[in-house]
Amino acid sequence: QNPHHVGYTAGGSSGGSGAAVAAGLCAAALGTDTLGSIRIPASYCGIAGLKPGFGRVPTAGLLHLVERLDCIGPMARSVEDCAALFGVLADRCEEGPPVARVATLEPGPEVDLHPAVAAALRLAESLLEGLGLRVDAQAFRIDHGRVRLAGFVEAALEADRRFGAEVARNPQGFSETFRGHLAFARGIDAATVAQGRRATDQAAAELKAALGLAEVLLLPTTTQPAFAHGGPAPVTVADFTALANFAGLPALSIPAGWTRDGLPVAVQLVGRAGADGRLLALGARLEAAMNAFAPPRDFG
């Protein structure tokens, strides 16, 4: 359950960590992130969440979903606490010089942003400029739907490879939804897999190219706030989070405002490879300027 609104999702995978941190049941928690499963619950639960750059936090012992994309990272009520935990997980959290230039990756007209998310992006741009950073706008050239689908295809194929035999032996030991994912994977042909890998590689290249001009990218975490249990999940949930996984880059979700119904929304900062510390330092400054964190009403 989302502690801000019972009956709403906490973000699916790693949602338990997000809900526990938001509710104050623990000071911080770990999440795992393949296509956004640290940052999505962080966004929905109104806390900070860091997907480290690939390889920065050891994954020995992790039950992988997609090994080339999976990361372990911290979730906490503040970026400062995320940085403290990351410093332990990674054994180092170098900052380097402060970030001076940010690019806003402007979503195209085909992207349906919730009004509160769009407002949070505009506010973040203004606050970054107020902090003395140069903020430029760049247009997206990424087909989010195609890239997101390619990521889910890769995850389904990997799940079938890892668990298919066990599901065949004991189908009732797995949920209908999970069995459906594996059935979907078995219907995917090699051409579709190759096309998907080209799409994700191109998206990664586009993201890295944008970071050749700017030091950090600003974009939404999710296109919408948390949604109610029982209905279909929006297909665009991972549109903006999966990009950093494909590129192996660090990405940080920061609370950035509220809907009229009292649900949190967030913005996301994506940094260059190896610059996790600089990303966290900028995130802490933006978080302080945003001042958008608030504990759930029923949890102090």
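Keep in mind that this is a model prediction, so the values were computed, not measured.

Cut-off values and rules
Residues numbered from 1 in each chain as written. Predicted model: local features only at pLDDT ≥ 70, side-chain atom pairs only at ≥ 80, totals over all residues. Heavy atoms only, no water. Helix = DSSP H or I, 4+ residues; strand = E, 2+ residues; numbered from the N terminus. Expected span 1.5 Å × (residues − 1). Buried < 20%, exposed > 50% of the residue type's maximum accessible area, 1.4 Å probe, protein only. Pairing = 2+ DSSP bridges. Axes fitted to C-alpha atoms, helices over the stretch in contact; angles between N-to-C directions. Contact = heavy atoms within 4.5 Å. Polar contact = N/O pair within 3.5 Å; in protein donor to acceptor, adjacent residues only side chain to side chain. Salt bridge = Lys/Arg side-chain N within 4 Å of Asp/Glu carboxyl O. Parallel < 35°, antiparallel > 145°, perpendicular 65-115°, else oblique. Left-handed = near helix turned anticlockwise from the far one by under 90°. Nonpolar A, V, L, I, M, F, W, Y, C, P; charged D, E, K, R; others polar. Phe/Tyr/Trp six-rings, centres within 6.5 Å; stacked < 30°, edge-to-face > 60°.

J.: It is not clear to me how helix α9 (residues 276-290) should be interpreted in this structure. Could you clarify?
T.: For an α-helix, the turn length of 3.6 residues means that residues three or four places apart are oriented alike. For α9, built from 15 residues, the straight-helix expectation of 21 Å at 1.5 Å per residue is met to within 8% by its first-to-last C-alpha distance of 20 Å. Where α9 is concerned, the buried positions are Asp276, Gly277, Arg278, Leu279, Leu280, Leu282, Gly283, Leu286, Glu287 and Met290.

J.: Quick question: what am I supposed to make of unusual backbone geometry here?
T.: Negative phi values dominate among residues other than glycine, just as trans dominates among peptide bonds. Within the chain, serine 14 stands out as a residue other than glycine whose phi angle is a positive 70°. The backbone of asparagine 291 shows a phi angle near 50°, a positive value even though the residue is not glycine.

J.: Just checking my understanding: could you explain the sheet that holds strand β1 (residues 28-33) for this structure?
T.: Pairing between the strands of a sheet is mediated by backbone hydrogen bonds and can be parallel or antiparallel. Pairing is mixed in the open sheet, where eight strands are placed in the order β1-β3-β2-β7-β8-β6-β4-β5. In the strand order of this sheet, the two ends are held by β1 and β5 (134-139), each with one partner. Across the sheet, the axes of successive neighbouring strands diverge by a mean angle of 25°, strand direction being ignored. Docked against the sheet, helix α4 (residues 115-130) engages β4 (101-106), β5, β6 (216-220), β7 (251-258) and β8 (264-271), running at close to 155° with respect to β6.

J.: Sorry, what's going on with the environment of serine 78 here?
T.: Note on placement: serine 78 falls in the loop between β3 (71-76) and α3 (79-89). Serine 78 gets classed as buried once you look at its relative accessible area, which sits at 18%. With near-sequence residues (within four places) excluded, serine 78 lies in contact with Ala48 and Glu287. A polar contact of 3.0 Å, which involves the side chain of serine 78, links it to the backbone nitrogen of aspartate 81.

J.: For this particular structure, what's the right way to read the pattern of salt bridges?
T.: Counted under the stated rule, the structure contains 12 salt bridges. Note that aspartate 239 and arginine 148 form a salt bridge whose closest N and O atoms lie 2.5 Å from each other. Pair noted here: aspartate 239 is in the loop between β6 and α8 (242-247) and arginine 148 is in helix α5 (residues 144-169), with a separation of 91 residues, a long-range link. The class for aspartate 239 is buried, based on a relative accessible area of 6%. Given the relative accessible area of 14%, arginine 148 is considered buried. Note that arginine 186 is salt-bridged to aspartate 160, the shortest N-O span being 3.0 Å. Of this pair, arginine 186 sits in helix α6 (residues 176-186) while aspartate 160 sits in helix α5, and the two are 26 residues apart along the sequence.

J.: So what exactly am I meant to see when it comes to the packing of α5 against helix α7 (residues 190-213) here?
T.: In a pair of packed helices, the angle between the axes and the distance between the axes together describe the arrangement. Two elements in contact, α5 and α7, have axes separated by 9 Å at closest approach and are oriented at 125°. The angle between α5 and α7 falls in the class oblique. In this structure, α5 meets α7 at a crossing whose hand is left-handed. From α5, Arg146, Val147, Ala150, Gly151, Glu154 and Leu157 reach across to α7, where they touch Val193, Gln195, Gly196, Arg197, Ala199, Thr200 and Ala203. Classifying every residue of the contact of α5 with α7 by side-chain character gives six nonpolar, four polar and three charged.

J.: Quick question: what am I supposed to make of the packing of aromatic side chains here?
T.: Any pair of aromatic rings gets described here by the distance separating the centres and the angle formed by the planes. Enumeration according to the criterion identifies three aromatic pairs in this entry. Note on tyrosine 44 and phenylalanine 227: the rings are 6.0 Å apart at their centroids and 90° apart in plane angle, and the pair reads as edge-to-face. With tyrosine 44 in helix α2 (residues 39-45) and phenylalanine 227 in the loop between β6 and α8, the pair connects residues that are 183 residues apart, well separated along the chain. The exposure class of tyrosine 44 is buried, given its relative accessible area of 1%. A ring pair is formed by phenylalanine 163 and phenylalanine 178, whose centres lie 6.0 Å apart and whose planes are at 65°; its orientation type is edge-to-face. Here phenylalanine 163, found in helix α5, pairs with phenylalanine 178, found in helix α6; they are 15 residues apart in sequence, far enough to count as distant.

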